[in-house]
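# Residue-level structure breakdown
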Amino acid sequence: MGFTHLSEDGKARMVDVSEKPFTPREAVARGRVLLGEKVFALVKDRNLPKGDLFGAARIAGILAAKRTWELIPLCHPLPLTRIEIDFSLHPEDFSLEIEARVRTVAQTGVEMEALTAVSVAALTIYDMCKGIDKSVRITDIRLAQKRGGKSGEVILE
């Protein structure tokens, strides 16, 4: 199988999806922010100096998902029907996990939108925490699952 975003002569191109059917599609992406013990305690107690970490990161992730087509050069603009961003704290390693679930009814999938949502939510968390501890680290951003389209359901974790 060749690269779909390259023409026969090797030039980058946007894939033509005009003949594909509109189908329900969903993607789930996850990522982790390693906060460290001091920042973790402040996040857990919702006591960060910069304010509501979860609210800011959730809104940032939602906005990023909606604008993915403007950020990633070969992505199609998609009518997103649902964007959910959830957070879970993990005291065993002082980390925060981000999960983005994105849905549409379209001709192409929403994996990039879910991954972009997690990435920008993680960057927002980093920005709000870096003044307390410079060692905060973003890690493990990945696609966890997708549904819809030609490949059907794919569960990666």
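See the structure printed just above.
Residues numbered from 1 in each chain as written. Predicted model: local features only at pLDDT ≥ 70, side-chain atom pairs only at ≥ 80, totals over all residues. Heavy atoms only, no water.

### What to know about the overall build of the protein chain
Operational definition: Each helix is a run of DSSP H or I of at least 4 residues and each strand a run of E of at least 2, with the numbering of both proceeding from the N terminus. Working definition: with a 1.4 Å probe on protein chains only, accessible area under 20% of the residue-type maximum means buried, over 50% means exposed, and in between means partly exposed. Any two residues having at least one pair of non-hydrogen atoms within 4.5 Å are treated as being in contact. When charges are tallied, Lys and Arg are placed among the positive residues and Asp and Glu among the negative ones, while His and the ends of the chain are skipped. Each charge is placed at NZ for Lys, CZ for Arg, CG for Asp and CD for Glu.
Within the protein chain, the secondary structure is distributed over four helices and five strands. For the protein chain, the N- to C-terminal ordering of α and β elements is β-α-α-α-β-β-α-β-β. Principal axes of the C-alpha set define a box for the protein chain whose edges measure 50 × 30 × 25 Å. Buried positions account for 40% of the 157 residues belonging to the protein chain. When contacts within the protein chain are restricted to residue pairs at least 6 apart in sequence, those whose partners lie at least 24 apart make up 70%. In the protein chain, which carries 23 positive and 22 negative side-chain charges, the distance between the mean positions of the two groups comes to 2 Å.

### Some details on the packing of helix H2 (residues 53-66) against helix H4 (residues 111-129)
The condition is simple: Fitted lines through C-alpha atoms serve as axes, helices being fitted only where they are in contact, and the angles separating the N-to-C directions of these axes extend from 0 to 180 degrees. Each helix crossing is assigned a hand: it is left-handed if the near helix lies turned anticlockwise from the far helix by less than a right angle, otherwise right-handed if that turn is clockwise. Polar here means any residue outside two lists: the nonpolar Ala, Val, Leu, Ile, Met, Phe, Trp, Tyr, Cys and Pro, and the charged Asp, Glu, Lys and Arg; Gly therefore counts as polar.
For the pair H2 and H4, interaxial distance at closest approach is 7 Å and the crossing angle is 145°. Viewed along their axes, H2 and H4 form a crossing whose handedness is right-handed. Counting all contacts with H2, which are made through Leu-53, Ala-56, Ala-57, Ala-60, Gly-61, Ala-64 and Ala-65, the residues of H4 involved are Glu-113, Thr-116, Ala-117, Val-120, Ala-121, Thr-124, Ile-125, Met-128 and Cys-129. For the contact of H2 with H4, the per-class residue count stands at twelve nonpolar, three polar and one charged.

### Section: the nonpolar core
Soluble globular proteins tend to pack their nonpolar side chains together in the buried interior. Rules: Joining through side-chain atoms within 4.5 Å is the link that ties buried Ala, Val, Leu, Ile, Met, Phe, Trp, Tyr and Cys residues into a set, and such a set is a nonpolar core.
Residues Leu-35, Val-43, Ile-98, Ile-125 and Cys-129 are the most contacted members of the largest nonpolar core, which totals 32 residues. For this core, the secondary structure elements donating two or more residues are strand E1 (23-34), helix H1 (37-44), H2, strand E2 (80-90), strand E3 (95-106) and H4. The leading source of residues in this core is H4, at nine residues. Among all residues touching Val-43, those that are not within four sequence positions of it are Leu-35, Leu-48, Leu-53, Phe-54, Leu-89, Leu-96 and Cys-129.

### Some points on a nonpolar patch on the surface
Defined as follows: For patch building, the residue pool is restricted to those with more than 30% relative accessible area and no salt bridge; the joining distance is 9 Å between like charges and 5 Å between nonpolar side chains (Val, Leu, Ile, Met, Phe, Trp, Tyr). For accessible areas, the Shrake-Rupley method is used with a probe of radius 1.4 Å. Any residue's cover is judged against the shown protein chains and nothing else. Think of a salt bridge as a Lys or Arg side-chain nitrogen and an Asp or Glu carboxyl oxygen that are within 4 Å of each other.
Together, Leu-123, Ile-138 and Ile-141 line one region of the surface with nonpolar side chains, adding up to about 230 Å² of accessible area. Relative to the assigned elements, Leu-123 resides in helix H4.

### Quick notes on the environment of Pro-79
As for its placement among the helices and strands, Pro-79 is situated in the loop between helix H3 (68-71) and E2. Residues Pro-79 and Lys-66, spaced 13 residues apart in sequence, show a C-alpha to C-alpha distance of 8.4 Å. Those residues in contact with Pro-79 that lie beyond four places of it in its chain are Thr-104, Val-105 and Ala-106.

### Side note on the sheet that holds E2
Within a beta sheet, neighbouring strands are joined by backbone hydrogen bonds and run either parallel or antiparallel to one another. Operational definition: In short, DSSP must find at least two bridges between two strands for them to pair.
Taken in spatial order, the five strands make up an open sheet running E2-E3-E1-E4-E5, and their pairing is antiparallel. The open sheet is flanked by E2 and strand E5 (154-155), the only strands paired with a single partner. When E2 meets E3, the two strands line up antiparallel, connected through ten bridges. Within E3, the residue paired with Arg-82 across the bridge is Arg-103. Along the sheet face, H2 touches E2 and E3 and points at about 145° away from the line of E2. In this fold H4 packs onto E1, E2, E3 and strand E4 (137-147), with an angle of close to 150° to the strand it touches most, E3.

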